[in-house]
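# Structural description and commentary
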Amino acid sequence: MTSRSVFITGAAAGIGRHTALTFARKGYSIGAYDIDEAGLATLADEVKAVGAQILTGHLDVTDADEFSARLDEFAASHGGRLDVLINNAGILLAGAFEEIPLAAQHKQIDINIKGVTNGCHSAYRHLKATPGSVVVNIASASAIYGQAELASYSATKFYVRGLTEALDIEWGPQGIRVVAMWPLFVQTAMTANVSTGTTNSLGIKLGPQDVADAILAAVEESKVDKLIHRVHYAVGNQTRAMSLGSRFSPAWLTRVVNKKLAEPH
Ligand SMILES: NC(=O)c1ccc[n+]([C@@H]2O[C@H](COP(=O)([O-])OP(=O)(O)OC[C@H]3O[C@@H](n4cnc5c(N)ncnc54)[C@H](O)[C@@H]3O)[C@@H](O)[C@H]2O)c1
């Protein structure tokens, strides 16, 4: 058991909620934040039922001031410590790029890109003050190759990938680990009504608990991961195969495979 603290965005549902409960069962002190306060209230009951501490609060990750205030409050209530920040909140828009209204695409960019940027920027001083601190950014298998019918969503996850790689190098010497999780499609509200070429060809096989377990394993890194300084964590066999394949196949072949997977089924 641990007395470490974890701050999770988008914690009211899906992957964030399962992650909060998984860390609670390991004895972490939970900070659960979301725009869905009713969801946070039921989560708080479940976390307390497993005997862990929890703070909850409204947080729209696109609001940098609110993000900073919530992080400051959480760190202050843990003696200035912030052991783990999980930038999980995100939305997904599926469909033909030109048919998705621009305002909706801008909102997706605000949440998936600016939200993660706000989190990392506001959390820095707390992370730096905490030995062994970790940032977990939720990327996606859609950051392996641009995904048809998920064009701007997939592009936001390329940003998350790039930010993670860069901050890992910048912040590593300051004692802050920065890692990215790469799940393929997960059975949550996010994918409930999504039907694209790739969801149909690859299926939606992961559950939110699979991702939560992988996040915990990434935070509590194995000796091997420590030795190889692992930054990216593929979740599930499909993502592992795809990311390995894309690393060793020529660019033209990766494109052909992605085009094939995206065809209507
Ligand atoms: N579900 C998938 O297939 C899948 C696959 C790969 C990666 N991911 C990523 O995992 C993360 C979580 O996805 P999920 O499947 O659990 O989604 P979900 O829709 O089940 O839950 C997302 C949570 O984020 C919250 N949220 C939305 N906008 C917010 C905002 N502006 N500020 C704060 N909270 C906000 C929602 O209220 C909700 O509680 C996302 O970053 C997503 O891109 C999901």
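Residues numbered from 1 in each chain as written. Predicted model: local features only at pLDDT ≥ 70, side-chain atom pairs only at ≥ 80, totals over all residues. Heavy atoms only, no water.

For the chain, the name recorded in an unreviewed UniProt entry is Short-subunit dehydrogenase, with Williamsia limnetica as its organism. Entered under Sequence similarities (unreviewed entry) in the UniProt record, the comment concerning the chain runs "Belongs to the short-chain dehydrogenases/reductases (SDR) family." (UniProt positions renumbered as here; feature names shortened; annotations may be inferred.)

### Observations concerning the pairing of strand E1 (residues 5-9)
Counting buried residues in E1 gives 5 out of 5 residues, a clear majority hidden from the surface. Here E1 shows no split at all, with Ser5, Phe7 and Thr9 on one side and Val6 and Ile8 on the other all buried. Here 5 bridges tie E1 to strand E2 (residues 29-34), and the two strands are oriented parallel to one another. Within E2, the residue paired with serine 5 across the bridge is serine 29. Each parallel crossover has a hand, and for E1 linked through helix H1 (residues 14-25) to E2 it is right-handed. Two strands pair when backbone bridges link them, and E1 and strand E4 (residues 84-87) are joined in this way by 3 bridges, in the parallel orientation. Paired with isoleucine 8 across the bridge in E4 is isoleucine 86. (Buried < 20%, exposed > 50% of the residue type's maximum accessible area, 1.4 Å probe, protein only. Helix = DSSP H or I, 4+ residues; strand = E, 2+ residues; numbered from the N terminus. Pairing = 2+ DSSP bridges. Right-handed = clockwise from strand over helix to strand, strands pointing away.)

### Digging into the site of the ligand
Inspection of the region around the ligand gives 27 residues, with Asp34, Asn88, Tyr153, Val186 and Thr188 positioned closest. Contact distances for the ligand include 2.7 Å between an oxygen atom and a backbone N or O atom of asparagine 88. In the environment of the ligand, an oxygen atom lies 2.7 Å from a nitrogen or oxygen atom belonging to the backbone of valine 186. Coverage of the ligand by the protein chains reaches 92% of its 830 Å² of free accessible surface. (Near = heavy atom within 4 Å. Polar contact = N/O pair within 3.5 Å; in protein donor to acceptor, adjacent residues only side chain to side chain. Areas by Shrake-Rupley, 256 points an atom, 1.4 Å probe, with all protein chains shown as cover.)

### Overview of the nonpolar core
In a soluble, globular protein the nonpolar side chains are often hidden away together inside. Ranked by size, the top nonpolar core spans 36 residues in total, and within it Phe7, Leu82, Val135 and Trp171 carry the most contacts. For this core, the elements supplying multiple residues, two or more each, are helix H3 (64-76), helix H4 (102-128), helix H5 (151-171) and strand E6 (176-183). Discounting chain neighbours no more than four positions away, the residues touching leucine 82 are Ser5, Phe7, Leu71, Phe74, Ala123, His126, Leu127, Thr130 and Ser133. (Core = buried A, V, L, I, M, F, W, Y, C linked by side-chain atoms within 4.5 Å. Contact = heavy atoms within 4.5 Å.)

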